[in-house]
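In case you want the letters, here they are:
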Amino acid sequence: MTLDRRMLLKLSLAGAAVGTAAVTPVVAPALAQTPKKRARWICLGTKGGPRVGLGRSNPANVLIVDDVPYVVDCGPGVTKRLVEAKVALPDLRYVFVTHLHSDHVLEFGNMVYGGWSAGLNHPVEAFAPIGMEALTKAYWESIKFDVDIRITDEGKPDPRKLLVSKDIRESGPVMSNDKVKVTAFKTPHPPITENFAYKFETPDGVFVYACDTSFNPALAKFAEGADVLIHETIYVPGVDKMVARVKNASTLKEHLLASHTTTEDVGKIAAMAKVKKLVMTHFVPGDDPSITDEMWAADARKHYSGPIVVAKDLMEIEA
């Protein structure tokens, strides 16, 4: 059969169409993205004690829930660490302090002042054991000269009306909103009895913070089933070396051993509570580079088989 030119052209076009269809790419459906966590804990300062040095900063943390910061303990350096963690100081909203030892509260007033100087103009609620209301009043009195001048010269709102401190007297609910529920639990930190651990119930899980405290099995019940337990610790073999460096501290060793929880006992608490993750922090001694992460965690692992995190400054923790 003879094919004329018109028939050849039709066959050529048909073949081209088939070829084009054969190589048309198949577009895969978009991969499902993991939802962004709404809650994250940032360890701002992980060294226990009031001494200031290089390396780890003094005790401080912040829980971020839907971009709202909940500051937990305010040791020296907390304000700078918040800035380094990219937490805007004018966004400060809630503050929780475990006890009134200086390494947990010394920069509380200056932190709020730092937010005010940067534009904070909404209420800030602070919660701590008995004495916090008096401490707040004394702080504003100590810088009255500066505050009064800046209100007039810079047109700022009166920060003394923005900061509302509340003394906690007993274990129980502290505050709640539509995102977070906070409960306090009294735990001994000899010779201090007005000392609280905190439980934060968030959309992404439960965070429990215990700092400072002597070994307290009752904490295991308070923290039972928590997604994250952030707990202070002391490394006993490092205590003598640390005490030798500190002048005018004849009874420091006795205090440290009586009022803190050893690395092994922290593991016991985590195991008893059946928490999903243990974060060790508030290290004593926290400025001895010869103590490795493995040395901090080794004794805890004797009792707790879950994941253990040896916290670092600015480390973020998710449930």
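The preceding data block contains the structure.
This text gives an overview of the structure that appears in the document. (Residues numbered from 1 in each chain as written. Predicted model: local features only at pLDDT ≥ 70, side-chain atom pairs only at ≥ 80, totals over all residues. Heavy atoms only, no water.)

Some details on the overall build of the protein chain
Step number 1: A tally of regular secondary structure across the protein chain gives 12 helices and 14 strands.
Step number 2: The buried share of the protein chain, taken over its 319 residues, is 49%.
Step number 3: Sequence-distant contacts, at least 24 apart, represent 67% of the contacts inside the protein chain between residues at least 6 apart. (Helix = DSSP H or I, 4+ residues; strand = E, 2+ residues; numbered from the N terminus. Buried < 20%, exposed > 50% of the residue type's maximum accessible area, 1.4 Å probe, protein only. Contact = heavy atoms within 4.5 Å.)

Section: the pattern of salt bridges
Step number 1: For the coordinates displayed, the defined rule picks out 24 salt bridges.
Step number 2: Its salt-bridge partner being aspartate 66, residue lysine 179 comes within 3.2 Å of it at the nearest N-O pair. Taken together, the residues lysine 179 in the loop between strand E7 (172-176) and strand E8 (181-186) and aspartate 66 in the loop between strand E2 (60-65) and strand E3 (68-74) connect sequence positions 113 residues apart.
Step number 3: The salt bridge involving lysine 241 is made with aspartate 288; its shortest N-O contact spans 3.7 Å. Residue lysine 241 is located in helix H9 (residues 239-245), and its partner aspartate 288 is located in the loop between strand E12 (278-284) and helix H12 (293-298); the two are separated by 47 residues in the primary sequence. (Salt bridge = Lys/Arg side-chain N within 4 Å of Asp/Glu carboxyl O.)

Quick notes on the sheet that holds strand E10 (residues 205-210)
Step number 1: The sheet built from 7 strands is open, its strands ordered E7-E8-E9-E10-E11-E12-E13 with mixed pairing. Strands with a single pairing partner mark the edges of an open sheet, and in this sheet they are E7 and strand E13 (308-310). Neighbour-to-neighbour, the strand axes of this sheet turn through a mean angle of 25°, independent of strand direction.
Step number 2: Sheet topology places strand E9 (residues 196-202) next to E10; 5 bridges connect them, and they run antiparallel. (Pairing = 2+ DSSP bridges. Axes fitted to C-alpha atoms, helices over the stretch in contact; angles between N-to-C directions.)

Notes on the sheet that holds strand E5 (residues 124-129)
Step number 1: Read from one edge of the open sheet, 7 strands run E6-E5-E4-E3-E2-E1-E14, paired in mixed fashion. The outermost strands of the open sheet, each flanked by one partner alone, are strand E6 (163-168) and strand E14 (315-317). Between one strand axis and the next, the sheet turns through 20° on average, direction left out of account.
Step number 2: Strand direction decides the pairing type here: strand E1 (residues 39-45) and E2, joined by 6 bridges, are antiparallel. Each residue of the ladder has a partner; that of isoleucine 42, found in E2, is valine 62.
Step number 3: Taken strand by strand, helix H5 (residues 132-142) contacts E5 and E6, and its axis lies near 150° from that of E6.

Re unusual backbone geometry
Step number 1: Here the residue pair proline 190 and proline 191 is connected by a cis peptide bond, since its omega of 5° sits within 30 degrees of zero.
Step number 2: With respect to the secondary-structure elements, proline 191 resides in the loop between E8 and E9.
Step number 3: Although it is not a glycine, histidine 282 sits at a positive phi angle of roughly 50°.
Step number 4: Within the fold, histidine 282 resides in strand E12.
Step number 5: With relative accessibility at 2%, the residue histidine 282 sits in the buried group.
Step number 6: Positive phi, normally seen in glycine, also occurs at leucine 314, with a value near 75°.
Step number 7: Residue classification places leucine 314 among the partly exposed positions, given a relative accessible area of 34%.

Brief notes about the packing of helix H4 (residues 108-117) against H5
Axis angle and axis distance: for two packed helices, these are the angle between their axes and the distance between the axes, and together they describe the pair.
Step number 1: Remark: H4 packs on H5, axes separated minimally by 10 Å, with the N-to-C direction vectors making an angle of 55°. Considering their axes alone, H4 and H5 lie oblique with respect to each other. H5 is crossed by H4, and the crossing has right-handed handedness. Along its contact with H4, which presents Phe108, Gly109, Asn110 and Tyr113, the element H5 presents Met132, Leu135, Thr136 and Tyr139. (Parallel < 35°, antiparallel > 145°, perpendicular 65-115°, else oblique. Left-handed = near helix turned anticlockwise from the far one by under 90°.)

A closer look at the packing of aromatic side chains
Step number 1: If you walk through the whole model with that rule in mind, you get 13 aromatic pairs.
Step number 2: With centroids separated by 5.6 Å and ring planes inclined at 40°, the aromatic side chains of tryptophan 41 and tyrosine 209 adopt a geometry described as tilted. Placement of tryptophan 41 in strand E1 and of tyrosine 209 in strand E10 is noted, with a sequence separation of 168 residues between them. Here the two residues tryptophan 41 and tyrosine 209 agree in accessibility, since each one is buried. (Phe/Tyr/Trp six-rings, centres within 6.5 Å; stacked < 30°, edge-to-face > 60°.)

Description of the environment of glycine 45
Step number 1: Within the secondary structure, glycine 45 sits in strand E1.
Step number 2: Those residues in contact with glycine 45 that sit more than four places away from it in its chain are Ser57, Asn58, Pro59, Ala60, Thr281 and Asp313.

Things to note about the layout of surface pockets
Step number 1: Space inside the largest pocket adds up to approximately 280 Å³.
Step number 2: If you go around the largest pocket, you meet 18 residues; those closest to its centre are Gly49, Pro50, Leu252, His255 and Leu256.
Step number 3: Among the elements of the structure, helix H3 (102-105), helix H10 (252-259) and E12 are those that each provide at least two residues to the lining of the largest pocket.
Step number 4: Taken together, the residues that form the lining of the largest pocket break down as 7 nonpolar, 8 polar and 3 charged. (1 Å grid on protein atoms, 1.4 Å probe; cavity = no way out; pocket = protein on both sides within 12 Å on 5 of 7 lines; lining within 4 Å. Points joined across faces, edges and corners; volume = space filled by probe spheres on them. Nonpolar A, V, L, I, M, F, W, Y, C, P; charged D, E, K, R; others polar.)

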